[in-house]
2 protein chains.
Amino acid sequence: MRLSRYFLPVLKETPAEAQIASHRLMLRAGMIKQASAGIYSWLPLGFRVLKKIEQIVHEEQIRAGHIPMLMPTIQPADLWQESGRYNAYGPEMLRIRDRHDRDMLYGPTNEEMITDIFRTHVSSYKDLPLTLYHIQWKFRDEIRPRFGVMRGREFYMKDGYNFDLDYDSAIHAYNRHMVSYLRTYERMGLQAIPMRADSGPIGGEDTHEFLVLAETGESEVFYDSAITDLKLGSRDVDFDDRDACAEIVREWTTPYARTDETHDPHRFAEVPEERRRTSRGIEVGQIFYFGTKYSEPMGAMVNTADGQRVPVHMGSHGIGVSRLLGAIIEASHDEAGIIWPEGVTPFHCGIVNLKQGDGEADGACAKLYQALCDRGLDPLYDDRAERAGAKFATMDLIGLPWRLTVGPRGLKNGVVELTSRRTGESEELSPEAAIDRVAQIYDPHLKAANVQHWEPMAHRSSHTWL
Amino acid sequence: MRLSRYFLPVLKETPAEAQIASHRLMLRAGMIKQASAGIYSWLPLGFRVLKKIEQIVHEEQIRAGHIPMLMPTIQPADLWQESGRYNAYGPEMLRIRDRHDRDMLYGPTNEEMITDIFRTHVSSYKDLPLTLYHIQWKFRDEIRPRFGVMRGREFYMKDGYNFDLDYDSAIHAYNRHMVSYLRTYERMGLQAIPMRADSGPIGGEDTHEFLVLAETGESEVFYDSAITDLKLGSRDVDFDDRDACAEIVREWTTPYARTDETHDPHRFAEVPEERRRTSRGIEVGQIFYFGTKYSEPMGAMVNTADGQRVPVHMGSHGIGVSRLLGAIIEASHDEAGIIWPEGVTPFHCGIVNLKQGDGEADGACAKLYQALCDRGLDPLYDDRAERAGAKFATMDLIGLPWRLTVGPRGLKNGVVELTSRRTGESEELSPEAAIDRVAQIYDPHLKAANVQHWEPMAHRSSHTWL
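The rules behind each value
- Residues numbered from 1 in each chain as written.
- Chains lettered and ligands numbered in written order.
- Predicted model: local features only at pLDDT ≥ 70, side-chain atom pairs only at ≥ 80, totals over all residues.
- Heavy atoms only, no water.
- Helix = DSSP H or I, 4+ residues; strand = E, 2+ residues; numbered from the N terminus.
- Rg over C-alpha atoms; globule rule 2.2 N^0.38 Å.
- Contact = heavy atoms within 4.5 Å.
- Pairing = 2+ DSSP bridges.
- Axes fitted to C-alpha atoms, helices over the stretch in contact; angles between N-to-C directions.
- Parallel < 35°, antiparallel > 145°, perpendicular 65-115°, else oblique.
- Left-handed = near helix turned anticlockwise from the far one by under 90°.
- Nonpolar A, V, L, I, M, F, W, Y, C, P; charged D, E, K, R; others polar.
- Least-squares fit on C-alpha atoms with pLDDT ≥ 70 in both.
- Patch = residues over 30% accessible without salt bridge, like charges linked within 9 Å, V, L, I, M, F, W, Y side chains within 5 Å.
- Areas by Shrake-Rupley, 256 points an atom, 1.4 Å probe, with all protein chains shown as cover.
- Salt bridge = Lys/Arg side-chain N within 4 Å of Asp/Glu carboxyl O.
- Lys, Arg positive; Asp, Glu negative; His and termini not counted.
- Charge placed at Lys NZ, Arg CZ, Asp CG, Glu CD.
- Buried < 20%, exposed > 50% of the residue type's maximum accessible area, 1.4 Å probe, protein only.
- pLDDT = per-residue confidence, 0-100.
- Domains from an automatic or database assignment.
- Buried area = accessible area lost by both parts, 1.4 Å probe.
- Polar contact = N/O pair within 3.5 Å; in protein donor to acceptor, adjacent residues only side chain to side chain.
- Core = buried A, V, L, I, M, F, W, Y, C linked by side-chain atoms within 4.5 Å.
- Phe/Tyr/Trp six-rings, centres within 6.5 Å; stacked < 30°, edge-to-face > 60°.
- Lys NZ or Arg CZ within 6 Å of the ring centre and 35° of its normal.

S.K.: Pulling in residues and values, what's your account of the overall build of chain A?
M.R.: Helix and strand counts for chain A come out as 14 helices and 23 strands. The C-alpha atoms of chain A give 24 Å as radius of gyration, which agrees with the globular expectation for 466 residues (23 Å, within 12%). Reported as C-alpha extents along the three principal axes, the dimensions of chain A are approximately 80 × 50 × 50 Å. Put simply, of all contacts in chain A between residues at least 6 apart along the chain, 72% involve residues at least 24 apart.

Structure (structure tokens):
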């Protein structure tokens, strides 16, 4: 993308209403604009990151064998009356009356609706196990929305639902979700720690939250530093293998890690003192096993192999897609702006032309741009007639992890400059070497996007993520 | 995808509530489930087609130089009071009151919100021309929703907005949209005819609707059959070239084509009698030029090069993404089910194993499946232990354009059968030749997905569509 043809309305002033770094930086970098309290428009740069995050979530869900679909935003009230949550949910539910005076609501979550789909279409153990998910806009009418997309009212969320014949199978679904979430967050450059949690209004016995460590987090967290050394990395996980998934879950849940809600000071005291950590965390996901909490009242039953009718075992599993943008920025920024992890950056590389209008510099930039595109990368070329300082400030603010700087002086020596946004370090390279270097940096990220067959022929994604 | 692991709840019975073919077939093929009147869940198969259509719309918008972003579903009422449309819109607008008693609404369209974004961030002619678009869920509280996704209440729409300094530039934006829409519909296997239309509640002078010919269309249409011979095909369009775009628009708007709303019997009588056609049509898109209708009352002004402040010229341009599924099915089905055009089919090819459990047949299917995947295609392999007739009926119902049938008898002769859903014709081929043949069929469709640079380095999409 050429910046001269893009819509990137960066702000010079720090918006007064923004209390935390991510909110401030998303406004300043022209990523979002508030439409009303807790409701945002995603300007082109913000939209790109939102879609990158959504794409990673899809890929990792599909890799784990889960099936994408889409439920609507507006739900009928009667399903919620059936489950008993309509009155229980409180004023955070946005209640709507349509022109025929029917009670509707803007879905804050989808347990009822997915259970209704299941009971309509599935009646045999033969169709189990089944995990369906969607990524859809939700609404929670927060009394005091704040912190930008971190605590918005209209927010984008992945919520998935597993249906299993028995407890063991449902716990495998739980474990599979935990493993797929670990991989999802790692690909976004985040360390998200699973912590035993309270179940809240969803209900259920087993539940873990995933928390990203950041000073601005809403929860106080207590953990054994051993957990921050764990990495899934490029491990090849067979999501059909119950033992393998359970083993990874054991690995991540053995070190102590709790939020203030579930904190147990006695158990924490058993952690060796030098590994005891207290910090703050941002919740970016949660998984639940809740058994037959919805299937019993709503009659979601299946016939077993020996002819019994039993309620199906369920769980639900959420990732806050729009919230993740805020969490990533909270975990990765500095005074000058955002520092995007390579996995979610809106553009892979910035190109700054130090002397726009100079034939040689323009030509070199054009060639670099084309060569990066040909390698499957998306560069952002600042081709405006601005001074170098302003161009650097914009690139730093919007946080592209790599920048190529091109000017007549360097070109005379046959080099361009490659700069890391994170370290600030630069190196001079020939244009060809710089292109190779950037392509090499992104190679593992492009490869990670390929959903491998976790079971021969079961699931794959092609150039689209379906 | 293996059917045994997918969620494809096909119905044997024809649902009584469905009055038209697309509604009936989408329910029977397990593509949608009604959540409440005019509101649908998109089951996995329906979701795949929805995403394919969305993807084509994105690719063609980006090819034309338009910039994707995303506005929220819930809007504040005050923007609509500013434009004067809040009271004018009537009961189709879903009005909502939040917990603080603020008046909100579920957006039926986004002229006000995009104008607000524009006026906040753009003030100079230097930032023009600019075209922003999004694909987002909309709501219109139809008094009598019907025909499935064709006249739903919650629907998915692409709406784009151009901002130009003067009339000529805005008309070029209008023309650019018409050309990009022609290409968009062609890629979906549709012939959508642009017809001069009434502007309705959006307002404006110039407007064309795009109509797909189908018996169940809501509009009566009158046209010169010469228009149905026109094809954009693989023409390489430079979307920056005003004359080139205007010439294509002239080509498509010269033959008579009107809906009943704008029909002019005198002009129609001038069409040679043998080319005069009367039919019915389904509206799948509309483009508008409305000048300063929103920019004047809302104060969206820009400074010109000579220091004047002038209201910006605007237009809006919509494609009914969810509605298109219905329109495509209306235009392409038979007694047995849907017949998907190759451009939007949920899976490229079905594989039917005539003897599941037979080692040789299973092995041959597995190899075919893998080979198709390796060519970048998505096959659907019916690996259930069902009789052949049931497998064929399912494949015909869900409408995959190509089917490979694999059985022990054919394998003994070294062949599998490739069948066209559209013609019913089969040919026997070696597995290798069959794979080549299917790959060849889809080659132009995979190539069409590559967004070429319409202006050197201006816009591109990579493996994602951003």
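Following the structure, the description resumes.
S.K.: Tell me about the sheet that holds strand E6 (residues 103-106) of chain A, residues and numbers included.
M.R.: Residues and elements named next belong to chain A. Strand order in the open sheet formed by three strands is E4-E6-E5, with antiparallel pairing between adjacent strands. The open sheet has two edge strands, strand E4 (74-76) and strand E5 (94-97), and neither has a second partner. On average, adjacent strands in this sheet sit at an angle of 35° to one another, irrespective of strand direction. Across four bridges, the pairing between E5 and E6 is antiparallel.

S.K.: So, the packing of helix H6 (residues 167-187) of chain A against helix H7 (residues 242-253) of chain A: which residues are in play, and what are the values?
M.R.: All names here are of chain A. Where H6 meets H7, the axes come as close as 9 Å, and the angle between the chain directions of the two elements is 60°. The orientation of H6 with respect to H7, classified from their angle, is oblique. Relative to H7, H6 is oriented so that their crossing is left-handed. Residue-level inspection shows Asp168, Ser169, His172, Asn175, Arg176, Met178, Val179, Leu182 and Glu186 of H6 in contact with H7, the latter providing Arg242, Cys245, Ala246, Ile248, Val249, Trp252 and Thr253. For the contact of H6 with H7, the residue count by class is eight nonpolar, four polar and four charged.

S.K.: Describe the sheet that holds strand E23 (residues 426-429) of chain B, naming the residues involved and giving the relevant values.
M.R.: Residues and elements named next belong to chain B. Read across the open sheet, the five strands follow the order E20-E19-E21-E22-E23; overall the sheet is mixed. Every interior strand has two partners, whereas the edge strands, strand E20 (379-382) and E23, have only one. The average undirected angle you get between the axes of adjacent strands in this sheet is 20°. For strand E21 (residues 402-406) and strand E22 (residues 416-420), the ladder comprises four bridges, and the chain directions are antiparallel.

S.K.: Let's hear about the relation of the copies chain B and chain A: which residues, and what values?
M.R.: Note that the two copies of the chain are related through a rotation about an axis and a translation along the same axis. Of the transformation placing chain B onto chain A, the axial shift is 0.0 Å and the rotation is 180°, giving an RMSD of 0.0 Å. Overall, the copies show the geometry of a two-fold rotation axis. A share of 100% of interface residues in chain B that are also interface residues in chain A marks the association as one of identical surfaces.

S.K.: Give me a negative patch on the surface: which residues, what numbers.
M.R.: All names here are of chain A. There is a patch of like negative charges on the surface, built from Asp198, Glu220, Asp260 and Glu261. Within the element layout of this structure, Glu220 appears in strand E11 (residues 219-224). Exposure remark for Glu220: the relative accessible area of 30% places this residue in the partly exposed category.

S.K.: Quick rundown of the pattern of salt bridges? Include the residues and the values.
M.R.: Residue and element names in this part refer to chain A. Scanning all chains against the criterion turns up 61 salt bridges over all chains. The salt bridge involving Glu59 is made with Arg187; its shortest N-O contact spans 2.8 Å. Here the residue Glu59 occupies a position in helix H2 (residues 44-63), and Arg187 occupies one in helix H6, the gap between them amounting to 128 residues. Here Glu59 and Arg187 have matching classes, each one buried. Connected through salt bridges with shared partners, the residues Glu59, Glu60, Arg63, Arg183 and Arg187 form a single ionic network.

S.K.: Summarise unusual backbone geometry; cite the residues concerned and give the values.
M.R.: All names here are of chain A. Omega for the peptide link from Leu128 to Pro129 comes to -5°, which places this bond in the cis form. Residue placement: Pro129 occurs in the loop between helix H5 (111-121) and strand E7 (130-139). One non-glycine residue, Phe147, adopts positive backbone phi at about 60°. Checked against the element boundaries, Phe147 lands in the loop between E7 and strand E8 (154-164).

S.K.: Tell me what's going on with the confidence of the model for chain A, and back it up with residues and numbers.
M.R.: When pLDDT is averaged along chain A, the result is 93, and 95% of the positions lie at 70 or above. When the criterion is pLDDT under 50, residues 452-466 of chain A qualifies, and its contacts beyond four places in sequence or with other chains add up to 57 contacts.

S.K.: Tell me about the domain arrangement of chain A, and name the residues and values.
M.R.: Residues and elements named next belong to chain A. As assigned here, chain A comprises domain 1 (21-337) and domain 2 (347-446). Relative placement of domain 1 and domain 2: their C-alpha centres are 38 Å apart. Tallying the contact residues gives eleven residues for domain 1 and nine residues for domain 2. Summed over the three residues of domain 1 that lose the most area to domain 2, namely Leu45, Arg48 and Ala336, the buried surface amounts to 41% of that side. Taken together, the connections running from domain 1 to domain 2 amount to two salt bridges. Scanning the region where domain 1 abuts domain 2 turns up four residue pairs in polar contact (both at pLDDT 80 or more). The set of elements that each furnish at least two residues to the side of domain 1 that touches domain 2 consists of helix H1 (21-28) and H2. The biggest single contributor to the side of domain 1 that touches domain 2 is H2, with three residues. Classifying every residue of the side of domain 1 that touches domain 2 gives four nonpolar, two polar and five charged.

S.K.: So what about the environment of Leu8 of chain A? Which residues, and what values?
M.R.: Residues and elements named next belong to chain A. By the secondary structure assignment, Leu8 is in the segment before H1. Spatially, the C-alpha atom of Leu8 lies 51 Å from that of Glu296, the residues being 288 residues apart in sequence. Other than its neighbours up to four places away in sequence, Leu8 contacts Leu3, Ala29, Leu45, Thr394 and Ile398.

S.K.: Describe the nonpolar core, and please don't skip the residues or the numbers.
M.R.: In this structure, Met31, Trp42 and Phe163 of chain A together with Trp42 and Phe163 of chain B are the most contacted members of the largest nonpolar core, which totals 236 residues. Apart from the residues within four sequence positions on either side, Met31 of chain A is in contact with Met26, Ser41, Trp42, Leu43, Leu45, Gly46, Val49, Leu325, Ile329, Ile338 and Trp340 of chain A.

S.K.: I'd like a rundown of the interface of chain B and chain A, residues and numbers included.
M.R.: Contact residues are listed per partner, giving 82 residues for chain B and 82 residues for chain A. Where chain B packs against chain A, one counts six salt bridges. Here Asp116 of chain B makes a salt bridge to Lys33 of chain A, at a shortest N to O gap of 3.0 Å. Run the count over chain B and chain A and you get 18 residue pairs in polar contact (both at pLDDT 80 or more). Among the residues making up the side of chain B that touches chain A, the classes are represented as 47 nonpolar, 16 polar and 19 charged.

S.K.: Explain the packing of helix H1 (residues 21-28) of chain B against helix H10 (residues 321-331) of chain B to me, using residue names and the numbers behind them.
M.R.: Residue and element names in this part refer to chain B. Taken N-terminus to C-terminus, the directions of H1 and H10 make an angle of 105°; their axes are 8 Å apart at the nearest point. With respect to each other, H1 and H10 are oriented roughly perpendicular. Here Ala21, Ser22, Leu25 and Met26 of H1 come into contact with H10, specifically with Leu325, Gly326, Ile329 and Glu330.

S.K.: Could you give an account of the packing of aromatic side chains, with specific residues and numbers?
M.R.: The geometry of an aromatic ring pair comes down to the distance between the two centres and the angle between the two planes. Under the counting rule described, the total for this entry stands at 29 aromatic pairs over all chains. Measuring from ring centre to ring centre gives 6.2 Å for Tyr181 of chain A and Tyr185 of chain A, while their planes differ by 85°; the resulting arrangement is edge-to-face. Residue Tyr181 of chain A and its partner Tyr185 of chain A are both found in helix H6; the two are separated by four residues, about one turn of the helix. Among the residues examined, Tyr185 of chain A registers a relative accessible area of 1% and is labelled buried. When the centroid spacing of 5.6 Å and the interplanar angle of 80° are considered together, the rings of Tyr6 of chain B and Phe347 of chain B count as edge-to-face. One end of the pair, Tyr6 of chain B, is in the segment before H1; the other, Phe347 of chain B, is in the loop between strand E18 (337-338) and strand E19 (349-353), with 341 residues separating them in the sequence. Exposure class is identical for Tyr6 of chain B and Phe347 of chain B. Each is buried. Pairwise contacts between aromatic rings join Tyr106 and Phe139 of chain A together with Tyr106 and Phe139 of chain B into one cluster. One Lys or Arg, Arg95 of chain A, reaches over the ring of Tyr86 of chain A and ends 4.7 Å from the middle of that ring.

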